[in-house]
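Report on the structure
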Amino acid sequence: MRGGPNAIAVATGIVGDEWTLWIVQTALSPGISRYNDWLRAGPISSSVLTARLASLVDAGVLERHAYTAHPPRFDYVLTRCGQQMWPILLTMWSWERSWVHDSAHPLPQVRHTRCGRIFEPVAVCTACGQETGARDVQANLGPAWSWERSIPSATTRRRAPSGTRPRELVAQTMAVIGNRWSAALLLSAFLGAIRFGEFELQMGAPPTIVAERLRTFCELDFLSQLPNPQRPDWVTYHLTPKALAFFPVVSAALDWGQRWFHSPEGPALEQVHLGCGKDFHPRLLCDQCREPLRGSHLQRAASDDTQ
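Position numbers for residues start from 1 in each chain and track the written sequence from start to end. Note on the predicted model: pLDDT of at least 70 is required for a residue's local features to be given, and 80 or more for side-chain atom pairs to be given and counted; whole-chain, interface and lining totals, by contrast, use all residues. In computing side-chain properties, one takes all heavy atoms of the structure into account and sets aside hydrogens as well as water.

**Here we look at the side chain of H273**
Along the chain, H273 falls in strand β9 (residues 269-273). Once residues lying within four places of it in the same chain are set aside, the contact partners of H273 are C125, C128, Q130, T132, D136, K278 and F280. A helix here means a DSSP run of H or I that spans at least four residues, while a strand means a run of E at least two residues long, and both kinds are numbered starting from the N terminus. Whether two residues are in contact is decided by their heavy atoms, any of which lying within 4.5 Å being enough.

Here it is, written out as structure tokens:
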């Protein structure tokens, strides 16, 4: 829709919702496609499940197929758009395993079935094959860009109450992108904002919300404070190594969003790989065999499996 939410807002609205991600993750597994399947698979309420399934169908992530007419009952099957969300889920899993150490709720390892090894994904530029990080990509604002159009709707950002969250939740990932203002602040930081006023202006949020989000990001070790060279009594905010390591999640979500949720005017962001000068689109490789990864070649490993 011209002038409406752009691909960034739509994508972050989808991937920043805990139950939406859980539904997509379970839909990628065989045997989960019906309403009661999800009710049995996790502590999700009927009202939340109904709302999330409807929103995913509306977004084109799931499609609904009737398997009985009286009473009407449906299978919910991932579309091509939904199937291509696996890089987002994989990069979230990898970042949480590397940077968030929760011994009470450890995330499982994943095996690459092509080489048979436990692996970590490596993000490379599709055009040239070079390993690519946050400092290797330049983001240019596209014709569909504006801050107002890039911030997801508040109605899609509700967090699950404590105790009723999906199993194996990527908790810190949700703390970073599971709130509309958190997602906006993260994008602002990756686009170069370092001063309070820059975050406030770009996000269009009240100062109290900006201050609270900046405090949360510092507590999560996503931002570090340094003295402002122009005003010693002020501080600037800088992405930490932990935040820079989150770049594969950001790039996977942006690439997926701009591939599937086009604005008539064109892209919201145009990313260029500085290493080769071409448009940047991420590709994930297995760090063990260096083969490109595919969603169908990923397998959860047993909890005691290290080979």
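**Here's the deal with the confidence of the model for the chain**
Per residue, pLDDT measures the predictor's confidence, with a range of 0 to 100. Chain-level pLDDT for the chain is 90 on average; 91% of the residues reach the 70-or-more range. In this model, residues 155-163 is a region of pLDDT below 50 whose contacts with residues beyond four sequence positions or in other chains number 22 contacts.

**Quick word on the pattern of salt bridges**
Salt bridge, as applied in this entry: a Lys or Arg side-chain nitrogen positioned within 4 Å of an Asp or Glu carboxyl oxygen. Inspection of the entire model under this criterion finds eight salt bridges. Taking the shortest distance from any N to any O, the salt bridge between R34 and D75 comes out at 2.8 Å. Remark: D75 occurs in strand β2 (residues 73-78) and R34 occurs in the loop between α2 (18-27) and α3 (35-41); sequence separation between them is 41 residues. Throughout, exposure labels follow a simple rule: accessible area from a 1.4 Å probe, protein chains only, divided by the maximum for the residue type, with under 20% read as buried, over 50% as exposed, and the rest as partly exposed. When its relative accessible area of 34% is taken as the criterion, R34 is described as partly exposed.

**Some thoughts on unusual backbone geometry**
In this structure, the amide linkage connecting H70 to the following residue, P71, adopts the cis form with an omega of -5°. Inspection of the secondary structure assignment puts P71 in the loop between β1 (62-68) and β2. Positive phi is not limited to glycine here, since R290 has a value of about 65°. Along the polypeptide, R290 turns up in the loop between β10 (282-286) and β11 (298-300). Taking the relative accessible area as the measure of exposure, R290 reaches 42% and is therefore partly exposed.

**Some thoughts on helix α13 (residues 247-260)**
Residue count minus one, scaled by 1.5 Å, sets the expected span of a helix. Along its 14 residues, α13 runs 20 Å from first to last C-alpha, staying within 8% of the 20 Å computed at 1.5 Å per residue. Within α13, 11 of the 14 residues are buried, which leaves it mostly tucked inside the rest of the structure. For α13, the complete set of buried residues consists of F247, V249, V250, S251, A252, A253, L254, D255, W256, G257 and Q258.

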